[in-house]
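Observations on chain architecture
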Amino acid sequence: MSGASRASQLLDRLKALWRLIIPHLYGEPGETRGGRIVRRIRIGIVVAACLVTLQSALLVLGAWRNDRQIERHMGVAEASVLDAGPRRSTIEFVTQDRVTYRPELGVLYPSELDTGMRIYVEYDTNNPDLVRVRNRNAALAIIPAGSIAVVGWLVAGAALGATALVERRLERRDA
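The residue numbering used here restarts from 1 in each chain and proceeds along that chain's sequence as written. Residues qualify for local features only when their pLDDT is at least 70, as the model is predicted, and side-chain atom pairs are given and counted only at 80 or more; totals for whole chains, interfaces and linings, by contrast, use all residues. Side-chain measures were taken over the full set of non-hydrogen atoms in the model, leaving aside hydrogen atoms and water.

Quick look at the overall build of the chain
Rule in force here: Per the convention used, a helix needs a DSSP run of H or I reaching at least four residues, while a strand needs a run of E reaching at least two, with both numbered from the N terminus. Here the globule rule reads 2.2 Å times residues to the power 0.38, and the radius of gyration is calculated from C-alpha atoms.
Secondary structure summary: the chain contains three helices and five strands in total. Along its sequence from the N terminus, the chain presents helices and strands in the succession α-α-β-β-β-β-β-α. At 26 Å, the chain has a C-alpha radius of gyration far larger than the 16 Å of a compact globule built from 175 residues. When the backbone C-alpha atoms are referred to their principal axes, the chain occupies close to 80 × 45 × 30 Å.

A few points about the packing of helix 2 (residues 33-72) against helix 3 (residues 139-174)
This is how it is decided: Angular values range over 0 to 180 degrees, each being the angle between N-to-C directions of two axes fitted as lines to C-alpha atoms, with helices fitted over their stretch in contact. Comment on the angle field: the value is read as roughly parallel under 35 degrees, roughly antiparallel over 145, roughly perpendicular from 65 to 115, and oblique elsewhere. Gly is put with the polar residues, along with every residue not named as nonpolar or charged; the nonpolar set is Ala, Val, Leu, Ile, Met, Phe, Trp, Tyr, Cys and Pro, and the charged set is Asp, Glu, Lys and Arg.
In contact at an axis separation of 9 Å, helix 2 and helix 3 are set at 175° when each is read in the N-to-C sense. As the angle between them shows, helix 2 and helix 3 are arranged roughly antiparallel. Of the residues assigned to the contact of helix 2 with helix 3, the class counts are 21 nonpolar, five polar and two charged.

Overview of the side chain of T90
Condition: A simple rule labels every residue: compare its accessible area, found with a 1.4 Å probe on the protein chains alone, to the largest value its type can have, and call it buried under 20%, exposed over 50%, or partly exposed in between. Working rule for contacts: check all heavy atoms of both residues, and any pair within 4.5 Å makes them a contact.
With respect to the helices and strands, the residue T90 is situated in strand 2 (residues 90-94). By relative accessible area, which is 19% here, T90 ends up buried. Excluding residues within four positions of it along the chain, T90 makes contact with S80, V81, L82 and D83.

Let's talk about helix 2
As a reminder, the rule being used: In this analysis, the expected span of each helix is defined as 1.5 Å times one less than the number of residues it contains.
If you check helix 2, its first and last C-alpha atoms are 58 Å apart, about what 40 residues at 1.5 Å a residue would give, namely 58 Å. All of the buried residues in helix 2 are G35, V38, R39, R42, I45, A49, S56, A63, N66, D67 and I70.

Re the environment of T95
Tracing the chain through its elements places T95 in the loop between strand 2 and strand 3 (100-101). Residue classification places T95 among the buried residues on the basis of a relative accessible area of 7%.

Topic: the layout of surface pockets
For clarity, the cut-off: Using only the protein atoms, space was sampled on a 1 Å grid; points where a 1.4 Å probe fits but cannot get out form cavities, open sets with protein on both sides within 12 Å along at least five of seven lines form pockets, and lining residues are those with an atom within 4 Å of a point. Grid points are joined across faces, edges and corners, and a volume is the space filled by probe spheres set on the points.
Of the voids in this model, the largest pocket is the one considered here, and its volume is about 660 Å³. Contributing to the lining of the largest pocket are 22 residues, with R87, V107, L108, Y109 and P110 lying nearest its centre. Mapped onto the lining of the largest pocket, the elements with two or more residues apiece are helix 2, strand 5 (127-133) and helix 3.

Nothing here speaks to function; it is all geometry.
Set out below in structure tokens:
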């Protein structure tokens, strides 16, 4: 068997897999009601995975936007960690104007903080509720957001594979 023949077979198998997993938007002539329902479910799965990916991208863009806002009007202060959690930590700090702030939403990038710690924070002097731990930035949001998108597509791939099996079973039953 020549290399071109093997490549052609591989390409044919990949095309068949593509048609099996990826839904088409239009109905086939003679499509059954069950086939139409499965096709629409598959479209819904792909749309949901795209929305999860969009959400992940917006998470990173939002973190980057917050960082840009802080960098435009940056103030630095020493803060006390009042309550530390993996996703949200409450802090208290005093601004250069001698005003004490406890940001309602906590501090950005709160990982590895413990209650009672003294840390330095960077904040937006125009909006002191926008605070991040010093020397941390939006790059820390890329891995969690990317992980969410990858897991979303893995789940969608498994669901698409399951619907492909259901579709095959329906086709065999109708034949």
